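# Structural features, examined
The chain contents come next:
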Amino acid sequence: MKRFFKYLFRILLAIIALIVLVVLLLYLPPVQRFAKKQIVSYVTKNYGLEARIGKLSIGFPLDLTLEDVYAGKSASDTLVAFESLHLDVGLRYVLQQRLGVNELSVENVKFVMAGDTTKTGLDVKAGKLQLAAGEIHLKKKRIEAKNIELREAAILLEAGENTQPDTVPSQPTDWTFSVGEIDLGQIRFNMKSAAMPYLGAGIGEGRITQGTVSLGEQTVDVGGITIDQAWCELKTGTASEDS
């Protein structure tokens with residue numbers, strides 16, 4: 001019996017050592033370059049997209065940096081692209097199913113969802129998106145953030161006509177998002193549809209404080225909203241209204 005536990009302990013120790021070794025290898029630049037090539041190859045072969053990652057860097061314990069990232073069918077048909085992404089995650093309370101997000105920042109990002117048979121499309125561009133001091137509670141299904149900043153963003157939504165009824169029942173997730181403050185600057189939104197040829201709106205500067213979004217209860221609560229240099233334009237096909 002003693003010999004059994006002795007071998008069992010050695011096996012467990014070897015498994016733990018192997019896991020630690022694999023994790024440590026991820027911090028080596030040659031391993032990171034190999035991982036970058038494998039990711040690009042996987043996306044290209046399995047999704048039929050052109051993909052590119054200029055730089056991939058992982059620091060301790062989970063400090064991820066990506067630069068010059070692109071994925072799309074062609075240069076004029078981009079799915080997602082961004083100049084840089086930095087994600088710094090703290091693993092101090094990971095055993096309590098909590099992840100600390102020290103920083104998440106994305107610069108010069110572009111996301112495009114091409115229209116399908118319903119002719120619905122989405123085009124999003126942003127100069128800067130940054131989240132500071134966040135935390136993800138996996139057990140409580142809650143995401144908290146101290147501050148979110150969005151600058152130089154343009155959103156274009158083309159709404160098509162869905163002639164097929166949706167027969168699949170949807171179950172809303174019970175995740176909750178809360179943020180202490182959201183700072184907005186130079187935000188523009190445009191929407192086009194058959195019933196509404198053009199709807200445009202934007203703000204120069206804005207701030208939302210104490211915001212909470214509950215997906216399960218489908219509610220949105222805010223403590224305060226401040227908007228400066230806002231505008232709105234509506235075209236119905238016969239005349240336009242500006243405000």
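Reading the values: rules and limits
Residues numbered from 1 in each chain as written. Predicted model: local features only at pLDDT ≥ 70, side-chain atom pairs only at ≥ 80, totals over all residues. Heavy atoms only, no water. Helix = DSSP H or I, 4+ residues; strand = E, 2+ residues; numbered from the N terminus. Buried < 20%, exposed > 50% of the residue type's maximum accessible area, 1.4 Å probe, protein only. Contact = heavy atoms within 4.5 Å. Areas by Shrake-Rupley, 256 points an atom, 1.4 Å probe, with all protein chains shown as cover. Polar contact = N/O pair within 3.5 Å; in protein donor to acceptor, adjacent residues only side chain to side chain. Patch = residues over 30% accessible without salt bridge, like charges linked within 9 Å, V, L, I, M, F, W, Y side chains within 5 Å. Salt bridge = Lys/Arg side-chain N within 4 Å of Asp/Glu carboxyl O. Phe/Tyr/Trp six-rings, centres within 6.5 Å; stacked < 30°, edge-to-face > 60°. Lys NZ or Arg CZ within 6 Å of the ring centre and 35° of its normal.

Bringing the overall build of the chain into the picture now. For the chain, the helix and strand inventory stands at two helices and twelve strands. Counting from the amino terminus, the chain carries its helices and strands in the arrangement α-α-β-β-β-β-β-β-β-β-β-β-β-β. For the chain, the proportion of its 243 residues judged to be buried stands at 23%. Residue pairs at least 24 apart in sequence account for 51% of intrachain contacts in the chain once pairs closer than 6 positions are excluded. When the accessible area of the chain is evaluated, it comes to approximately 16,800 Å², of which 61% is carbon and sulfur surface.

What follows is about the environment of Leu62. Relative to the elements of secondary structure, Leu62 occurs in strand 2 (residues 62-74). It is 7.7 Å that separates the C-alpha atoms of Leu62 and Leu91, two residues lying 29 residues apart in sequence. In this structure, Leu62 is in contact with Leu87, Asp88, Val89 and Leu91, ignoring residues within four places of it in sequence.

A few words now on the side chain of Asp183. Position of Asp183 among the secondary structure elements: in strand 7 (residues 176-193). Side-chain polar atoms of Asp183 contact the side chain of Arg207, separated by 2.8 Å. Contact partners of Asp183, with chain neighbours within four places excluded, come to Asn147, Ile148, Glu149, Leu150, Arg151, Gly206 and Arg207.

As a further point, take a nonpolar patch on the surface. Taken together, the side chains of Phe177, Val213, Leu215, Val220, Val222, Ile225 and Ile227 make up a nonpolar region of the molecular surface, amounting to roughly 580 Å² of accessible area. Looking at where Ile227 falls in the secondary structure, it is placed in strand 10 (residues 224-228). Here Ile227 falls in the exposed class, since its relative accessible area comes to 53%.

Note the cis peptide between Phe60 and Pro61, where omega equals -10 degrees. Within the secondary structure, Pro61 is located in the loop between strand 1 (50-59) and strand 2. Backbone geometry at Ala133 places phi at a positive 55 degrees, although glycine is not the residue there. Along the chain, the position of Ala133 falls in strand 5 (residues 121-137). Of note in the backbone geometry, Gln218 takes a positive phi value of approximately 55 degrees without being a glycine. The topology assignment puts Gln218 in the loop between strand 8 (198-214) and strand 9 (219-221). On the basis of relative accessibility, which here comes to 63%, the residue Gln218 falls in the exposed class.

Moving on, we come to the packing of aromatic side chains. Counting across every chain of the model gives two aromatic pairs. Look at Tyr27 and Phe60: their rings are 5.9 Å apart centre to centre, the planes differ by 55 degrees, and that puts the pair in the tilted class. You can see Tyr27 sitting in the loop between helix 1 (2-25) and helix 2 (29-47) and its partner Phe60 sitting in the loop between strand 1 and strand 2, a full 33 residues away along the chain. What makes Tyr27 partly exposed here is its relative accessible area of 22%. Pairing Tyr42 with Tyr47 gives two aromatic rings, centres 6.2 Å apart and planes at 70 degrees, and the pair type is edge-to-face. Taking the ring centre of Tyr93 as reference, the NZ or CZ of Arg98 above it sits at 4.5 Å. Above the plane of the ring of Tyr198 lies Lys235, whose end atom (NZ or CZ) is 5.6 Å from the centre.

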